[in-house]
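Below, each chain spelled out in residue letters.
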Amino acid sequence: MKNSLENDVFTYNFNCKPEYGLAYAYTYFNSHLIFLCPAYHPQGIFSGSENKVGTIVHEIAHARVSKHDIIYGRWGCKNLAKDEPYKALNNADNYAYFVETLYPFNSGVDAATTTPDGFTYLFKGNFFVRFKGSVTSFSPRWPVLFKERFGNLPAKFGQGLDSFLCLKTFGYSYATKGSEYIRFKSTNSPALSNGYPASLQAGWGVSSEFSLGFDSSVQLSNGLTYVTKKDLFIKYSDNSASSVNSGYPKKLDSGEWGDLPENFKSGFDAMTVFQNKKLHVFKGSEYIRYSNFPTIDLGYPSPIKGNWGDIPQD
Ligand SMILES: [Zn+2]
């Protein structure tokens, strides 16, 4: 199943046969073709029972690993898993619910930012979550695809971002992907400024490693802006982050980031200064927090799971 999810290529046909009209989707054993029916389309992507991701997983379980329909529905599947686990292993819906209830950000984030209007965003692949106030209380419709907020981003940006930066003091937000970046019309705006994508090299005064792409970026409350790439970081003191401070890049483990956990020394995935002014740095399935930079708060690293939202359970 894992191999199929990672490597198989599928064709989706919206021409659902009328006799399957009440199903969400259907397929056949040993097939790469999945039919999607009208009931599929209004479902959430990751949220709610019978969401789109779960339905696709259900069909792949039939199409590629010949799993059966022994029982449908959450409670039925849960009881089957408890009472007759060997049967649950053979039931397509058990795979669907297993995946449906995974929160995609628990395994890591690509980029993160907090905008002056108080929203924090986590980005992963071509979707994101946004929350204000308590991290765990966002509406069941999240996560959503980029296009729901940002429209059609330039091709490779629409597939996922490397980093997102809100320069509060300068008034713009930026997203980077590979050697290029885009600028939004204002810190809170989803609309792009004209003339982008542009090259990192031109806009950010970077060379070598950093001109090929950023891993993570953030502007601290003191106005200093940091960008990381692998085990290196650069720092900007100017408002517009266009001229790298002299003496940089430096190694992440040079002391300016405090006593970093071993796995953070090789690079960061994402950073954001949350509404409480605390810096949060993500790496893999964990994050660290600084209340008083560069001293890492006690008790970190902490798992993302359970601290940055979850799929609403129903
Ligand atoms: Zn089925």
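Since the model is a prediction, treat every value here as computed from it, not as a measurement.

**Quick word on the environment of Gly213**
Here is step 1: Here Gly213 lies in the loop between helix 9 (208–211) and strand 12 (216–219).
Here is step 2: Overall, Gly213 belongs to the partly exposed group, with 18 C-beta atoms counted inside 10 Å.
Here is step 3: Residues Gly213 and Leu200 lie 13 residues apart in sequence; the distance between their C-alpha atoms is 7.4 Å.
Here is step 4: Beyond its immediate sequence surroundings of up to four residues, Gly213 is in contact with Asp162, Thr176, Gly178, Ser179 and Lys229.

**Section: the nonpolar core**
Here is step 1: Among the nonpolar cores identified, the biggest contains 51 residues, and Val109, Ala112, Leu122, Phe123, Phe164, Val281 and Phe282 are the most heavily contacted of them.
Here is step 2: In this view, Ala112 contacts Tyr121, Leu122, Phe123, Phe164, Ala270, Met271, Thr272 and Phe282; residues no more than four positions away in its chain are not counted.
Here is step 3: With 19 residues, the next largest nonpolar core counts Tyr40, Val57, Leu80 and Tyr97 among its residues.

**Re the sheet that holds strand 12**
Here is step 1: Pairing is antiparallel across the open sheet formed by 4 strands, whose spatial order is 12-13-14-15. Each edge of the sheet is formed by a strand with only one pairing partner; in this case those strands are strand 12 and strand 15 (250–251).
Here is step 2: As paired elements, strand 12 and strand 13 (residues 225–229) share 4 bridges and run antiparallel to each other. For Ser217, the partnering residue across the bridge sits in strand 13 and is Val227.

**Things to note about the packing of helix 3 (residues 74–83) against helix 5 (residues 92–100)**
Packed helix pairs are characterised by how far apart their axes lie and by the angle those axes make with each other.
Here is step 1: Helix 5 packs onto helix 3 with a crossing angle of 105° between their chain directions and a minimal axis gap of 9 Å. The orientation of helix 3 with respect to helix 5, classified from their angle, is roughly perpendicular. Where helix 3 abuts helix 5, its residues Arg74, Cys77, Leu80 and Ala81 lie against Asp93, Asn94 and Tyr97.
Here is step 2: Residue composition of the contact of helix 3 with helix 5, by class: 4 nonpolar, 1 polar and 2 charged.

**Brief notes about the pairing of strand 5 (residues 120–124)**
Here is step 1: Where burial is concerned, most of strand 5 is hidden: 5 out of the 5 residues are buried.
Here is step 2: Burial of strand 5 is two-sided: the residues Thr120, Leu122 and Lys124 facing one way and the residues Tyr121 and Phe123 facing the other way are all buried.
Here is step 3: From the end of strand 4 (residues 111–114) to the start of strand 5, which pair antiparallel, there are 5 residues, and Gly118 there has a positive phi angle of about 95°.
Here is step 4: Across 5 bridges, the pairing between strand 5 and strand 6 (residues 127–131) is antiparallel.

**Some details on helix 2 (residues 52–65)**
Here is step 1: If you check helix 2, its first and last C-alpha atoms are 19 Å apart, about what 14 residues at 1.5 Å a residue would give, namely 20 Å.
Here is step 2: Here helix 2 lies mainly inside the structure; 12 of its 14 residues are buried.
Here is step 3: Burial in helix 2 covers these residues: Lys52, Gly54, Thr55, Ile56, Val57, His58, Glu59, Ile60, Ala61, His62, Ala63 and Arg64.
Here is step 4: Buried residues belonging to helix 2 abut helix 1 (2–7), strand 2 (25–27), strand 3 (33–36) and helix 5.
Here is step 5: At the C-terminal side of helix 2, Ser66 shows a positive phi close to 50°.

**Looking at the sheet that holds strand 4**
Note on sheets: strands pair through backbone hydrogen bonds, and any given pair is parallel or antiparallel.
Here is step 1: One open sheet accounts for 4 strands, arranged 4-5-6-7; its pairing is antiparallel. Edge positions in the open sheet fall to strand 4 and strand 7 (144–145), since each of these has one partner strand only.

**Thoughts on the UniProt feature "domain: Lysine-specific metallo-endopeptidase" (unreviewed entry) in the protein**
Here is step 1: Here, UniProt's "domain: Lysine-specific metallo-endopeptidase" (unreviewed entry) annotation points to residues 3–100.
Here is step 2: Segment residues 3–100 splits into 43% helix and 10% strand. End C-alpha atoms: 18 Å apart.

**Some remarks on unusual backbone geometry**
It is generally the case that most residues other than glycine have a negative phi and that most peptide bonds are trans.
Here is step 1: Cis geometry is found at the peptide bond from Tyr196 to Pro197, where omega equals 5°.
Here is step 2: For Pro197, the location among the structural elements is in the loop between strand 10 (180–183) and strand 11 (198–199).
Here is step 3: Put simply, Phe293 and Pro294 share a cis peptide bond, and its omega is 5°.
Here is step 4: The residue Ser66 is not glycine, and still its phi comes out positive at about 50°.
Here is step 5: A positive phi angle, near 40°, is found at Ser208, a position not held by glycine.
Here is step 6: On the secondary structure map, Ser208 appears in helix 9.

Rules used in this analysis
Residues numbered from 1 in each chain as written. Predicted model: local features only at pLDDT ≥ 70, side-chain atom pairs only at ≥ 80, totals over all residues. Helix = DSSP H or I, 4+ residues; strand = E, 2+ residues; numbered from the N terminus. Buried ≥ 20, exposed ≤ 12 C-beta atoms within 10 Å, placed from the backbone. Contact = placed C-beta atoms within 7 Å. Core = buried A, V, L, I, M, F, W, Y, C linked by C-beta atoms within 7 Å. Pairing = 2+ DSSP bridges. Axes fitted to C-alpha atoms, helices over the stretch in contact; angles between N-to-C directions. Parallel < 35°, antiparallel > 145°, perpendicular 65-115°, else oblique. Nonpolar A, V, L, I, M, F, W, Y, C, P; charged D, E, K, R; others polar. Expected span 1.5 Å × (residues − 1). UniProt positions renumbered as here; feature names shortened; annotations may be inferred.

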